[in-house]
Structure formats: structure tokens, C-alpha cells
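Structure at a glance
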Amino acid sequence: MPEGPDRPPLGPDHGLHPPASELEVSQLEEGLGMSLPPSYRQFLLFANGWGVDEYSLRPVADVGWLRDLAPWMVESWSSPKGEKPWSVPDDLYFVYGKEQDCVHLREEYLPGTLLVGHWDDGDFLLNPHVKTADGEWEAWYLAPWLPGANRHRSFWDLMKDHLR
């Protein structure tokens, strides 16, 4: 991996995988039918994944829709068949940071989230249903011990929060 202002020198134990190619990222976007959010796309072009096992960001080849990669998870977070999906109004949903209550989740978004990584027993998801003006997707940390998801405005914000 070349060094430079955008790529600082890294020690041998940094855990970052070599960068994904533009072709690999473009093929992922083509398969998804949409462009990736800028901060996540930049990450993949810097490192095609990070870490191992329960603390990792998946390489391009292992990224996909939650409904396809973990249908059991979608089912476990979904309302019983025939019941209205669990949702919340905008004034409760669009709260980020310390004021956010993670229980304010929109269940209907879950199947269409992109599974990009794991932390402990939780999962990092990107939500294309909520986008900023500059193309960032909402990012979630969904874990069994949370009553919902910790949500962030972007992949970058999720990473900053989680790696503190």
C-alpha cells in the first residue's frame, strides 16, 4: 500500500486489508443497483476490509444486503406476520448523537440495509433509505443487547463513534 498524505504509514499489525480496486467497488455497486455512500466507498478503496472474525469490516466480496446474508436476523427483528411493522415518526427517528434513543428504529428499513461488518455480537449496517444531500447513507450498529440500533448520519460517523 503506497504511503502519502492520504495514506499514512501503518505498522504491520494495523489489520487493514490491501485496497479494493475501482473495478471491484464498481462491480459491487452494479450488483447492488446503486452507488455506495462516499465515506464507505473511500474506505474500500483504502482498505478492502479490516480485522477478523467478530471485529471486522467485510471485504467487497462479502458485503451484501442483510435480507440475503442474514435472513434470520431480519426475521428476528421483524413484527409477527400480519402485524404492522414497528416504526416511528420523523421527529423521533431523525435524532443522532447522545440525544438519540436507539429504540426509535424503522423496522421496514432493515431488510434493505447493507451488511458491512461486525463488532462483538453486533453488526454494522448501511441504510440506503436515509441519505444525506451529499450521498451518505445512514449507518447502524445493531446488536442483540440493544433494544434497537445506534444510528449515525454516515459510515464515517459510525466508525468515529465505534473506534473511540
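You'll find the structure just up there.
The rules behind each value
Numbering of residues starts from 1 in each chain and follows the order in which that chain's sequence is written. pLDDT decides what is reported in this predicted model: residues at 70 or higher carry local features, side-chain atom pairs at 80 or more are listed and counted, and totals for whole chains, interfaces and linings draw on all residues regardless. To obtain the side-chain values, all non-hydrogen atoms of the structure were used and water was disregarded. Between any two strands, at least two bridges found by DSSP are needed for them to pair. Note on conventions: DSSP H or I runs of at least 4 residues are helices, E runs of at least 2 residues are strands, and numbering of each starts at the N terminus. Classification of residues uses two cut-offs on accessible area relative to the type maximum, computed with a 1.4 Å probe and protein chains only: under 20% is buried, over 50% is exposed, and between them is partly exposed. For the purposes of these results, a polar contact is taken to be a pair of N or O atoms within 3.5 Å, where, inside protein, one atom must be able to donate a hydrogen and its partner to accept one; residues adjacent in sequence count only when each atom of the pair is a side-chain atom. Only heavy atoms matter for contacts: two residues are in contact if any of them lie within 4.5 Å across the pair. One speaks of a salt bridge when a side-chain nitrogen belonging to Lys or Arg is within 4 Å of a carboxyl oxygen belonging to Asp or Glu. Definition used in this section: a nonpolar core is a set of buried Ala, Val, Leu, Ile, Met, Phe, Trp, Tyr and Cys residues joined via side-chain atoms within 4.5 Å.

What to know about the pairing of strand β7 (residues 149-152)
Both strand β6 (residues 137-142) and β7 contribute to a ladder of 4 bridges, which runs antiparallel. The residue bridging A139 from the neighbouring strand is H152, located in β7.

So, the side chain of S39
With respect to the secondary-structure elements, S39 resides in helix α2 (residues 38-46). Judged by its relative accessible area of 11%, S39 falls in the buried class. Reaching out from S39, the side chain makes a polar contact with the backbone nitrogen of W156 at a distance of 3.4 Å. Residue contacts for S39: discarding those within four places in its chain leaves E136, S154, F155 and W156.

Here's the deal with the pattern of salt bridges
Applying the stated rule across the entire model yields 5 salt bridges. The shortest N-O distance in the salt bridge between E22 and R41 comes to 2.5 Å. A residue pair is termed long-range when its members are at least 10 positions apart, and E22 in helix α1 (residues 22-32) and R41 in helix α2 qualify at 19 residues. We note a salt bridge from R106 to D90, for which the minimum N-O separation is 2.4 Å. Linking R106 in the loop between α5 (90-93) and β4 (114-119) with D90 in helix α5, this pair joins segments that are 16 residues apart in sequence.

A few points about the nonpolar core
Counting residues in each nonpolar core, the largest one holds 28 residues, and the members touching the most others are L36, Y40, F43, L44, L114 and L126. Counting only elements with at least two residues in this core, the list comes to α1, α2, β4, β5 (122-131), β6 and α6 (155-162). Ranked by the residues each element gives to this core, the list is headed by α2, at 4 residues. Setting aside its immediate chain neighbours within four residues, L126 contacts P37, Y40, G112, T113, L114, V116, W137, E138, A139 and F155. With 17 residues, the next largest nonpolar core counts A70, Y109, L110 and L142 among its residues.

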